[in-house]
Structure formats: structure tokens, C-alpha cells
Amino acid sequence: MKNIIIGVLFLFSYQAVLAAPVADLPRPDVWGVYSWANWKVHKINKDNAPNIKGSAVIMHWKNVEPRKGEYQWDEQLGEKLKAAIKNDFYVHIMLWVGPLAPEWIYDEGVPKVETDRQVNALGHKTNQTAAPYYFSPVYKKLFFNLIKEFGAYVNSLPKELQERIIFIQSAEGSTGDGWGYKGKPLEKKYLMTRDEFDEFRVETWAHYNKHFSLPIVVNIDGHTLKNNEKWLFDNLMPMGVKQGMFSHGYHVSENNARIKEWQRINEKAQAAGTYIFARGEMDKELSVMGWSKQNIPEALYWSAIFATHTGIDLWNVPSEQLTKPENQAAFIFFNRYAGQRQPATAQYAFAALRQGLDAGDTKTFPESRFGIAKKKRKERYQKIAEKFAAQGAVQSDIKAAMGEGMVNRKRKGYNDVGWNIPAGNYARFLTQLNPEQTSMGYWHQGPAEQIYGRFARAFKLNNGEGQMSFALHQDFFAQPNTPKDVTVRIVYLDRGKGQWSLDYQQAGNKLQTVTVRSVTVQNQDTGKWRSKEIKLNKAMLNQSLSGADLKLVYQSGHNTLFHLVELNRQGD
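Report on the accompanying structure.

Cut-off values and rules
- Residues numbered from 1 in each chain as written.
- Predicted model: local features only at pLDDT ≥ 70, side-chain atom pairs only at ≥ 80, totals over all residues.
- Heavy atoms only, no water.
- Buried < 20%, exposed > 50% of the residue type's maximum accessible area, 1.4 Å probe, protein only.
- Helix = DSSP H or I, 4+ residues; strand = E, 2+ residues; numbered from the N terminus.
- Pairing = 2+ DSSP bridges.
- Axes fitted to C-alpha atoms, helices over the stretch in contact; angles between N-to-C directions.
- Parallel < 35°, antiparallel > 145°, perpendicular 65-115°, else oblique.
- Left-handed = near helix turned anticlockwise from the far one by under 90°.
- Contact = heavy atoms within 4.5 Å.
- Salt bridge = Lys/Arg side-chain N within 4 Å of Asp/Glu carboxyl O.
- 1 Å grid on protein atoms, 1.4 Å probe; cavity = no way out; pocket = protein on both sides within 12 Å on 5 of 7 lines; lining within 4 Å.
- Points joined across faces, edges and corners; volume = space filled by probe spheres on them.
- Nonpolar A, V, L, I, M, F, W, Y, C, P; charged D, E, K, R; others polar.
- Phe/Tyr/Trp six-rings, centres within 6.5 Å; stacked < 30°, edge-to-face > 60°.
- Lys NZ or Arg CZ within 6 Å of the ring centre and 35° of its normal.

### Some words on the pairing of strand β21 (residues 499-507)
Side-chain direction in a regular strand flips from residue to residue, so the side chains alternate between the two faces of the sheet.
Thought 1: Burial analysis of β21 places 8 of its 9 residues in the buried class, which makes it a mostly covered element.
Thought 2: Two elements, β21 and strand β22 (residues 514-522), share 9 bridges in a ladder whose sense is antiparallel. Bridged to Leu 502 within β22 is Val 519.

Structure representation (C-alpha cells):
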């Protein structure tokens with residue numbers, strides 16, 4: 001059976017996946033940043049958006065088949081595939097139906113379902129208030145015939161055009177979501193349960209599977225997974241996941257629960273000898289919601305880091321953001337790690353230093369001091385934020401912090417306290433050892449025009465001494481006892497006159513001779529975030545430095561804040 005990619009609407013952390021080797025993805029050159037939503041060829045190309053790999057192509061049924069049996073595949077898809085070759089882009093394709101179905105289907109006898117929807121997800125007035133009745137036999141016949149014709153067109157394309165398509169995503173209802181209506185039907189007879197709609201969706205997936213030789217993406221949420229997990233694993237492995245809550249920004253409450261579920265699903269896939277990969281998108285909320293629009297380059301950068309941390313392999317970003325110079329650092333970072341699933345073959349490893357303030361954590365924040373640990377207890381969030389206010393923590397929209405994921409994403413400003421959020425660093429293949437015992441978190445540090453200071457850590461000093469230790473994934477080097485030449489990049493806040501060092505074990509001319517080598521950095525008090533690359537020669541990266549591979553060590557003077565530790569294996 002051909003490979004099927006399953007898109008999962010809920011989000012999970014990718015840390016558990018990285019705890020063990022994961023199969024490399026096919027076609028390693030295609031993963032990275034893609035534009036969103038539908039590709040406008042005259043606006044986005046390789047010249048003005050050099051750091052993207054391609055785009056989503058989203059077609060609307062009403063444009064594809066404006067009259068019954070008359071298809072506009074070349075105009076809606078074929079020309080864009082030719083443009084993809086010209087720009088060396090790849091595409092993934094969706095055919096949106098539901099509210100975007102042509103009016104003629106209602107003349108054929110499909111019931112038209114009016115809903116109470118008035119605004120879209122961004123709060124803007126919308127005219128997409130109606131949808132077809134999905135369970136109508138007439139609708140099913142027309143819809144499934146559309147899928148058949150779609151598959152016939154794609155399968156008839158020349159090889160060089162087909163190779164530009166990395167997958168087809170199934171859309172069964174409203175846009176690519178796992179539900180048919182954005183609003184509530186005005187007539188009760190058109191109400192449907194999630195179980196009923198899931199049956200329709202599974203039927204749709206089967207038609208896509210039948211008519212396409214390309215991988216198919218299916219977007220499912222927790223409810224669908226609960227009802228259809230066995231069917232999915234029996235029929236549609238390996239699978240990818242659409243990770244909505246980890247691609248629409250970062251710092252969303254309830255992610256720890258999503259992490260736990262992701263661990264379970266991923267372990268099940270690995271036990272079956274297969275793998276899971278992921279896509280997700282950031283949409284126009286980026287320029288609308290208070291937390292992100294106040295500093296879009298920073299929001300994109302930290303969203304890219306979080307998306308990388310969680311294991312997203314293809315990240316869609318609004319097209320209007322892709323050409324702006326101030327946003328390119330986010331795209332470069334994401335592309336650097338996209339698709340690198342195995343530590344043994346990955347070029348880079350990183351740890352972005354942060355402390356997450358989890359109001360659900362009663363060990364770190366005991367109820368006796370911070371109040372009862374319930375999600376809706378406003379005062380608990382306030383007290384935690386107040387404890388870390390001197391280190392920059394703020395809580396701008398407590399109501400949003402107490403809500404579910406979709407509410408979190410609409411927060412009006414920065415929220416540094418969340419509910420059931422990851423407490424530690426965002427990382428891949430590089431782990432900080434005992435972070436809470438050796439360092440302390442900071443928030444919103446350094447110049448606002450720089451993107452690094454959203455989160456940071458500084459040394460936790462004890463009698464004038466302090467250090468942070470880092471260990472690579474045990475499988476990062478196949479021969480860890482052989483000396484390596486690598487490059488380490490440190491991003492730090494050059495504030496004050498402090499002095500610090502990067503320490504590592506260096507092999508001598510004889511391998512039996514190993515000494516601790518320190519590369520010392522003297523801060524110059526520019527007040528800016530600086531990036532320093534340090535080449536390590538003959539480094540012994542076998543966790544022989546008191547269980548670590550690398551250490552940041554306080555030497556003297558003012559304390560130093562750090563954003564990033566990143567290792568490049570160079571030509572190893």
C-alpha cells in the first residue's frame with residue numbers, strides 16, 4: 001500500500017521522538033518553510049523569498065468545476081506546477097470544498113445548510129455562512145466524483161510535474177479542518193455528531209487513497225483519533241501529523257498533555273517499525289493578535305524554534321511575511337533542522353534556553369504560597385508572574401492564559417505563565433543538565449529590535465561560581481570516543497563587563513591525554529545580543545566532562561544571559 005500522511009490537528013512535543021532514533025524522511029530536500037495560504041506566483045518566487053522550499057496550492061471547488069463536468073485543472077493547478085519547476089519549488093495541494101462548493105450543486109438537489117456564522121477566526125465579517133449537507137447522497141456522488149477527476153488529472157501529469165508535489169491533503173468539510181461547519185446550522189435537521197462526520201471523513205479518505213498514487217494527508221483531531229486509531233494504524237502507516245497548536249506560535253497551555261499523547265502514538269508507530277512526520281501552519285493571526293503583532297520578527301523566530309523543538313518538518317508561513325528581511329532568521333533556523341530526524345545524520349544540535357512558568361506545577365509553585373492549582377484561578381497566575389517580575393516576566397492577558405488552545409492563541413499580549421506548559425528549554429539533540437539547579441530564567445531582555453530576548457537563562461551563582469552543562473544525544477556521533485572538529489555558536493546578551501568561558505575536553509596528540517580546554521569571552525557592555533562562533537579542535541564529545549560535552553562557565557564580573565547553544569558537526 002502507498003504511504004499515507006495523516007494530519008493531526010492537535011499538537012504534541014517532539015522530545016520523546018528524539019529520545020530514540022527515528023527513520024529519516026524520504027526526499028530530504030523538500031522539508032522546510034512553505035508559503036501560506038494559496039500560492040500567488042506573481043508575489044512569491046525564488047528571487048524575493050529565497051529561504052522557502054515551496055508553497056501550498058489551495059484550490060476551491062467552485063473554481064475547479066464552475067459548471068458541472070467542466071474542469072479547470074490546468075488553470076488552477078497545472079500552471080502553478082510549471083511555475084514550481086521554474087522556481088525550484090515544491091508544493092502540497094488541498095482542494096477545499098464545503099462552503100467553497102459551486103452553487104450549481106444545490107440545483108442538483110444538494111440541501112444548502114445555512115449557519116449562524118458571521119465572522120471568521122480572525123474576527124472579520126465573512127460571507128461564507130452556508131455549506132452543503134454532507135450526508136446527502138447527491139452531494140456524496142458529486143464530491144467523490146470530483147476526487148476521482150482530481151486524481152485522474154494528477155496521475156496523468158508528466159513525471160517532472162508530479163515530482164513537484166510532495167503530498168495531497170484531504171479536505172472533507174470547512175477548509176482543511178476536521179469539521180463540516182464553522183457555525184451552527186439554523187435548522188436542527190442538519191445537525192450532526194462528530195461520530196457521524198468522522199464516518200463521512202473516513203469514506204472520503206478511502207476515495208483519495210483509491211484515486212491517487214501520491215501520499216495523502218488526512219487531518220484528524222483527538223476525537224477522531226479516539227474513534228479511529230486502530231483503523232488508522234492498520235491502514236495508513238507511515239503517517240505524518242498536522243500539528244496546529246505547535247505551529248501557530250508557542251507557549252500554548254495544555255501542551256504537556258499533548259506531549260504525553262504524542263509520546264504514546266509515536267512509541268506505537270516505532271514499535272510497528274514505522275515513523276511519523278509533521279506539517280503545520282502559522283496563519284494571518286500573526287499580524288492580528290496582540291502577542292505577535294507587536295513584534296512579528298520575534299514571534300516568527302520563537303515560533304520557528306518551538307516548531308523545530310516539537311518536530312514539525314514542513315512549516316507554512318503567511319506569504320506576506322516571507323519576503324521581509326527582518327523575518328529571514330526564523331526561516332533559516334527552521335530550514336536548518338527540517339527533516340533531520342535522526343541524531344546520527346543531523347548536521348546540527350541546539351538548545352534555546354528558557355524557563356516555562358507552569359501554573360499547573362504544584363512542586364515548583366506550591367499551593368501554600370501561590371494559591372489553589374486550578375486552571376481558572378486568576379490569582380495563581382498573578383502570583384507566579386510577580387515572583388519573576390524582576391527577571392522580566394509579565395502576564396498581559398490572564399483570561400487568555402486560562403482558556404483552551406484557540407483562546408491562548410488570541411492573547412492580547414505576552415503571557416509568561418501558562419497552564420500545563422513545558423517548563424524547560426526548546427531543544428533538539430542537545431540537553432541542558434539540571435537546568436533549574438544551575439541557571440535561572442529571564443524574559444524580554446535586551447533591545448526590542450533584536451529577536452533573541454523573549455526567553456533566556458543566566459548562571460545561578462553560588463559563592464561566585466556557576467556553570468551550565470550540556471550533553472549531546474547519545475547517538476549524535478557514531479564514534480564518540482574519537483576526537484571531533486566542530487563549531488559551537490553561542491548567542492548571549494553583551495551587557496555588563498562579565499567574563500565567561502566555553503569549556504570542553506580536548507584530546508592531545510596521544511588519545512590517552514585529554515585536558516579541559518576553556519575559550520574565554522570578555523563582555524564589552526554593548527547592551528546587544530551577540531552571536532559568537534567557536535571552533536573546537538579535537539573535541540572529545542563523549543560526555544566525559546563530568547557527564548557533559550560542553551559547559552558554559554562563569555568566570556568573573558557581571559552575570560551573563562544566554563539565548564542559544566548550537567553545535568555544527570561540520571564535515572564529520
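### Focus on the packing of helix α7 (residues 194-211) against helix α8 (residues 222-235)
Thought 1: Their axes nearest at 10 Å, the elements α7 and α8 cross at an angle of 40°. The angle between α7 and α8 places the two elements in the oblique class. Every pair of crossing elements has a handedness; the one defined by α7 and α8 is right-handed. Here Arg 194, Asp 195, Asp 198, Arg 201, Val 202 and Trp 205 of α7 come into contact with α8, specifically with His 223, Thr 224, Asn 227, Asn 228, Trp 231 and Leu 232.

### Considerations on the pattern of salt bridges
Thought 1: Following the criterion strictly, the structure yields 28 salt bridges and no others.
Thought 2: Here Glu 103 ties to Lys 112 by a salt bridge, and the two come within 3.3 Å at their closest N and O atoms.
Thought 3: On the basis of relative accessibility, which here comes to 52%, the residue Glu 103 falls in the exposed class.
Thought 4: In this structure, the salt-bridge partner of Arg 341 is Asp 313, at a minimum N-O distance of 3.2 Å. In this pair, Arg 341 sits in the loop between α13 (328-337) and β12 (348-352) while Asp 313 sits in the loop between α12 (296-310) and β11 (314-318), placing the two residues 28 residues apart along the sequence.

### Some thoughts on empty space enclosed by the protein
Thought 1: Inspection of every chain in the model, using the stated rule, returns 3 cavities of 30 Å³ or more.
Thought 2: There is about 50 Å³ of room inside the largest cavity.
Thought 3: The wall of the largest cavity is formed by Pro 99, Thr 115, Arg 117, Gln 128, Thr 129, Ala 130, Ala 131, Ser 174, Gly 180, Tyr 181, Lys 182 and Gly 183.
Thought 4: Class assignment of the residues belonging to the lining of the largest cavity gives a composition of 4 nonpolar, 6 polar and 2 charged.

### Considerations on the packing of aromatic side chains
Thought 1: Within this structure, the stated rule accounts for 49 aromatic pairs.
Thought 2: With a centroid separation of 5.6 Å and an interplanar angle of 40°, the aromatic rings of Phe 197 and Phe 200 are classed as tilted. With Phe 197 and Phe 200 both in helix α7, this residue pair falls 3 residues apart, about one helical turn. Accessibility assignment for this pair places Phe 197 and Phe 200 in one class, buried.
Thought 3: The positively charged end of Arg 411 is found above the aromatic ring belonging to Tyr 250, 6.0 Å away from the centroid.
Thought 4: The residue whose ring lies beneath Arg 411 is Trp 291, and the NZ or CZ to ring-centre distance is 4.3 Å.

### Comments concerning the environment of Thr 513
Thought 1: Tracing the backbone shows Thr 513 in the loop between β21 and β22.
Thought 2: Given a relative accessible area of 42%, Thr 513 falls into the partly exposed group.
Thought 3: Thr 513 has contacts with Gln 506, Ala 507 and Gly 508, leaving out every residue within four places of it along the chain.

### Re the side chain of Asn 327
Thought 1: Tracing the sequence through the fold places Asn 327 in the loop between β11 and α13.
Thought 2: Residues in contact with Asn 327, not counting those within four places in the same chain, are Ile 296, Pro 297, Leu 300 and Gln 321.

### Digging into unusual backbone geometry
Thought 1: Put simply, Trp 36 and Ala 37 share a cis peptide bond, and its omega is 5°.
Thought 2: For Ala 37, the position within the fold is in strand β2 (residues 32-38).
Thought 3: The phi angle at Asn 434 is positive, at roughly 50°, despite the residue not being glycine.
Thought 4: Relative to the assigned elements, Asn 434 resides in the loop between β16 (430-433) and α18 (435-438).
Thought 5: On the basis of relative accessibility, which here comes to 51%, the residue Asn 434 falls in the exposed class.

### Here's the deal with the packing of helix α3 (residues 73-87) against helix α5 (residues 137-156)
Thought 1: Where α3 contacts α5, the two axes come as close as 12 Å, and the packing angle between them is 40°. Taken together, the axes of α3 and α5 lie oblique to each other. Considering only the axes of α3 and α5, their crossing is right-handed. The segment α3 lies against α5, with Trp 73, Asp 74, Leu 77 and Gly 78 engaging Leu 146, Glu 149, Phe 150, Tyr 153 and Val 154.
Thought 2: A breakdown of the residues in the contact of α3 with α5 according to their chemical character gives 6 nonpolar, 1 polar and 2 charged.

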